[in-house]
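# Notes for the structure review
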Amino acid sequence: MHIFDRKGELIAQLQLERNKNRTVGLVPTMGALHQGHLSLVKKAVLENDVVVVSVFVNPTQFDQKEDLEKYPRNLDQDLDLLKSVGPNILVFTPNANEIYGEDVVSKSYDFDGLDQVMEGAFRTGHFDGVGTVVELFLTTVAPDRAYFGEKDFQQLQIIKKLVDTRQLPYTIVGCPIEREAHGLAMSSRNERLSQTTREEAGFIYKTLKTAKFKFGTESAKEITDWVSSQFAENSTLELEYFEIAEEDTLTPMTEKTANQKYRAFIAVYADGVRLIDNLRLN
Ligand code: PAF
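Each value, and the rule that gives it
- Residues numbered from 1 in each chain as written.
- Predicted model: local features only at pLDDT ≥ 70, side-chain atom pairs only at ≥ 80, totals over all residues.
- Heavy atoms only, no water.
- Near = heavy atom within 4 Å.
- Polar contact = N/O pair within 3.5 Å; in protein donor to acceptor, adjacent residues only side chain to side chain.
- Areas by Shrake-Rupley, 256 points an atom, 1.4 Å probe, with all protein chains shown as cover.
- 1 Å grid on protein atoms, 1.4 Å probe; cavity = no way out; pocket = protein on both sides within 12 Å on 5 of 7 lines; lining within 4 Å.
- Sits in = over half its atoms within 2 Å of the grid points.
- Helix = DSSP H or I, 4+ residues; strand = E, 2+ residues; numbered from the N terminus.
- Nonpolar A, V, L, I, M, F, W, Y, C, P; charged D, E, K, R; others polar.
- Core = buried A, V, L, I, M, F, W, Y, C linked by side-chain atoms within 4.5 Å.
- Buried < 20%, exposed > 50% of the residue type's maximum accessible area, 1.4 Å probe, protein only.
- Contact = heavy atoms within 4.5 Å.
- Points joined across faces, edges and corners; volume = space filled by probe spheres on them.
- Pairing = 2+ DSSP bridges.
- Axes fitted to C-alpha atoms, helices over the stretch in contact; angles between N-to-C directions.

### Considerations on the site of the ligand
The immediate surroundings of the ligand are formed by Pro28, Thr29, Met30, Asn58, Gln61, Val133, Val134, Phe148, Asp152 and Gln155. With respect to the ligand, the side chain of Gln61 contributes an N or O atom lying 2.7 Å from an oxygen atom. At a separation of 2.7 Å, an oxygen atom of the ligand approaches a polar side-chain atom of Gln155. Surface burial for the ligand is 90%, taken as the share of its 290 Å² of free accessible area covered by protein chains. At a threshold of 2 Å from the grid points, most atoms of the ligand map onto the largest cavity. Of all the secondary-structure elements, those providing two or more residues to the shell around the ligand are strand E2 (24-29) and helix H7 (126-141). Across the shell around the ligand, the residue classes break down as 5 nonpolar, 4 polar and 1 charged.

Structure below.
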């Protein structure tokens, strides 16, 4: 495993790898790695000769200063975890200036409406920040494949759109959500929950699974009302939004259309920590 904090050094190393015809995978992360991240890294290691894992808490994608400050950081532990996955990993740990230069600001993107709903509606500027940093990582590393988790399904669709619109020659690979024993989707933010809340937050996945069952016979409105009533009775978890949307366009579902794929999306606060999850419905 090699660690780089300078872009130029990483690019030089990647050039050496390319000269040997080695394929390159990229797993962008914000650190505080868990089994969910490691499943992405393991897949990338299986499918590429060399894998770049970036560890960078990207300031431009946070709309709340406090959320950025409280975002968990543990580089030593991250490096130990990555070492356990395999030798051909290049860890990229830049600081904000190395990535952005003097002006740590986002570009402005047109994601064809994908950024106007759910996370985009509740976190102003979030997807411009994600788009900016992911585009910088993609163009710096120029990977054969880049890996993103489906927990951030809206982000995954937006990154696919970005690559498509900019005609970037990189394959974007979506990876399934990994869950804790009680069903909570794995996330770096889970570290900020008490053990009791962490277990109780399994309720989010349980509700999504019931929503999926109801999807067979009930309308989006009926299911949404039912989900709201479930959270109204829960004193630990506060519902921010629940939405049933088309998987490709993320347009909220009004009526079921044949051959259309739908997914339920949810955002919840627990112990002041924002948790998101989603589940394919059909
Ligand atoms: O999903 C994340 O951890 C981040 O949004 C990403 C893709 C690493 C960009 O900062």
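### Looking at the nonpolar core
In a soluble, globular protein the nonpolar side chains are often hidden away together inside. Counting residues in each nonpolar core, the largest one holds 41 residues, and the members touching the most others are Leu10, Val52 and Leu138. Of all the elements, H7 adds the most residues to this core, at 7 residues. Excluding anything up to four places from it in sequence, Val52 contacts Leu10, Leu14, Val24, Gly25, Leu26, Val27, Leu90, Phe92 and Val141. Within the second largest apolar cluster, 26 residues are counted, among which are Tyr205, Ile223, Ala270 and Val273.

### What to know about the layout of surface pockets
A water-sized probe, rolled over the atoms, reveals where empty space remains. Roughly 250 Å³ of volume is contained in the largest pocket. Mapped onto the lining of the largest pocket, the elements with two or more residues apiece are helix H3 (65-70) and strand E9 (273-280). For the lining of the largest pocket, the element with the most residues is H3, which contributes 3 residues. For the lining of the largest pocket, a count of residues per class yields 3 nonpolar, 2 polar and 9 charged. Estimates place the volume of the second largest pocket at around 160 Å³. Along the walls of the second largest pocket sit Met30, Gly31, Ala32, Val55, Phe56, Val57, Arg73, Asn74, Leu75, Asp78, Thr93 and Pro94, which together make up its complete lining.

### Quick notes on the sheet that holds strand E3 (residues 50-55)
Spatially, E1-E4-E3-E2-E5-E6 is the arrangement adopted by the 6 strands of the open sheet, whose pairing is parallel. If you trace the sheet from one side to the other, it starts and ends with strand E1 (2-4) and strand E6 (171-175), each paired once. Taken pair by pair, the neighbouring strands of this sheet meet at an average axis angle of 25°, ignoring direction. Relative to strand E4 (residues 89-92), E3 runs parallel, the two sharing 4 bridges. Within E4, the residue paired with Val53 across the bridge is Val91. Running at roughly 160° to strand E5 (residues 145-149), helix H2 (residues 35-47) makes contact with E2, E3, E4, E5 and E6 of the sheet.

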